[in-house]
Amino acid sequence: MSGWLVGNTALITGGGTGIGRAVAERYLAEGASVTIVGRNLDQLEKVVANSADPSRMHAVAADVRDSEQLHQAVAETVSRFGKLDTLVANAGLWDYQRQLTRLSARELADTFDEVFSVNVKGYFLAAEAAWRELVKSRGSIVMTLSNASFYVNGGGPVYTASKHACLGLLRELAYELAPKVRVNGVACGGMNTDLRGPESLSMNERSISASFAKRGPGSPPPPIPLHDSSTDPKDFTGPYVLLASREQSGPITGETISIDGGMGVRGFSSDAGGDHL
Ligand SMILES: NC(=O)c1ccc[n+]([C@@H]2O[C@H](COP(=O)([O-])OP(=O)(O)OC[C@H]3O[C@@H](n4cnc5c(N)ncnc54)[C@H](O)[C@@H]3O)[C@@H](O)[C@H]2O)c1
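All of these numbers come straight from a predicted model, not from anything done at the bench. (Residues numbered from 1 in each chain as written. Predicted model: local features only at pLDDT ≥ 70, side-chain atom pairs only at ≥ 80, totals over all residues. Heavy atoms only, no water.)

**Remarks on the site of the ligand**
This is how the line gets drawn: Each residue is tested against the molecule or strand, and it is near if at least one of its non-hydrogen atoms lies within 4 Å. Pairs of N or O atoms within 3.5 Å make up the polar contacts considered here, provided that, within protein, one atom can donate a hydrogen while the other can accept it, and that residues adjacent in sequence are counted only when both atoms are side-chain atoms. All accessible areas in this document rest on Shrake-Rupley with a 1.4 Å probe, and a residue is counted as covered only by the protein chains that are shown. For helices the rule is a DSSP run of H or I covering at least 4 residues; for strands it is a run of E covering at least 2, with both sets numbered from the N terminus onward. Ten residues, namely Ala, Val, Leu, Ile, Met, Phe, Trp, Tyr, Cys and Pro, are considered nonpolar, four, namely Asp, Glu, Lys and Arg, are considered charged, and the remaining ones, Gly among them, are considered polar.
Inspection of the region around the ligand gives 27 residues, with T17, N90, Y159, M191 and T193 positioned closest. A distance of 2.9 Å separates a nitrogen atom of the ligand from a polar atom in the backbone of V64. Burial of the ligand by the surrounding chains reaches 93%, relative to a free accessible area of 810 Å². Going through the elements one at a time, α1 (18-29), β5 (140-146) and α6 (157-176) are the ones with two or more residues in the shell around the ligand. A per-element tally of the shell around the ligand places β5 first, with three residues. Among the residues forming the shell around the ligand, the class breakdown is 12 nonpolar, 10 polar and five charged.

In C-alpha cells:
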C-alpha cells in the first residue's frame, strides 16, 4: 500500500458526514486506519460499510460535549488499531449568520451555550481525551477551523467568536504540547455539507446544503477571488493529509492552512453590514 499516512491511526469527531467524512475516506485512501465519532451510530456504521476498506474504519457513538464518551472513543481506537496518531477535532454547528441585533437576550444566551459547547468545548474535551496517546505516538491534532476564524460575516457573532476561540485554543495547545505533539488547523471556506444550526434557534433541522441548492446557473458568483472553486468537501481534504503526515509537515505546528478561495486577498464587497438598521 502507498500513501502519505500508511500505518497511521486517526480519530475524527463529526466523521460521519461532510468534511469529517471526506477526510476519513481520504485518510483511508492514504493508508491510515480511522475511527469516526458522531451521535448516530447507525449512520456511522453505514459510512463504515460503504468505505473502501471497512476493516480499517471503526464507528463510535459519542457526543463531543461528553468527556467520558470521548475517552471511550480514544480507548476503542487504541484497542482496535494499537495507537492514535492524529485527532481531527471537527464536529460543529453553524449559527446561520444570525446577527446580535436579531437575537433576544434569551436566544443569545441559549445559542451561545449550545454553539460554544459543541464548537469550542467539544474541541477542548477531544484534545484532553487524546493528548496522552498523542504524546506516546508523537502524533498531532488537526482542527477544522473556518474563514470565520479570521474574517467577519461567515457566521453571526456567536459562530465567529466560537471559531476565533478555536484558533486561540490551537495556538495555546501547539505551545503546551510541543515538542511531542503538533497542533495545526485547516480553515475551510463554504462547503456543501449537512452543517446544522442550533436547536436553541429551532435551526437543528436546517442544513447549509439548502443554501447551496438555491444557487442556480444565473446566480451571481460568491465575492471571493476563486469564486468558481469547488464546494465539494472532498476538494478540501488535501491540507488535512499534509498536516497529519509527519514526513510532510514534521516541523509545522501552530499553523492554519486556509482553503477558502482566497478570501484574504479580496477587496471590499460591501461597506457595512448594518445599513438596514
Ligand atoms: N460547511 C461549511 O461551509 C463550513 C465552512 C467552514 C468550516 N466548517 C466547519 O466544518 C466542521 C464540520 O462541518 P460540516 O460542514 O462538515 O457539517 P456536517 O454537519 O456535515 O458535520 C458536522 C458533524 O458534527 C456532528 N456533530 C454535531 N454536534 C455534535 C455533537 N454534540 N457530538 C458529536 N457530533 C456532533 C454532526 O452530526 C455532523 O456529523 C464544523 O466544525 C464547521 O464549523 C464548515
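**Focus on the environment of W4**
We apply this condition: Two residues qualify as a contact provided that any one of their heavy atoms is within 4.5 Å of a heavy atom in the partner residue.
In this fold, W4 is placed in the segment before β1 (9-13). Along the primary structure W4 and E247 are separated by 243 residues, whereas in three dimensions their C-alpha atoms are 8.0 Å apart. Excluding residues within four positions of it along the chain, W4 makes contact with E30, V241, L242, S245, E247 and Q248.

**As for helix α3 (residues 67-81)**
Definition in use: Helix span, as expected, comes to 1.5 Å for every residue beyond the first. Buried, partly exposed and exposed residues are distinguished by accessible area as a fraction of the type maximum, computed with a 1.4 Å probe on protein chains only: under 20%, between the cut-offs, and over 50%, respectively. Read the arc as the range of directions from the helix axis to the C-beta atoms.
Here α3 spans 21 Å end to end across 15 residues, near enough to the 21 Å set by a 1.5 Å rise per residue. Of all the positions in α3, only L70, A73, V74, T77 and F81 are classed as buried. Down the axis, α3 shows its buried residues gathered within 95 degrees of arc, on one side only. For α3, the exposed residues lying more than 90 degrees away from the buried face are E68 and S79.

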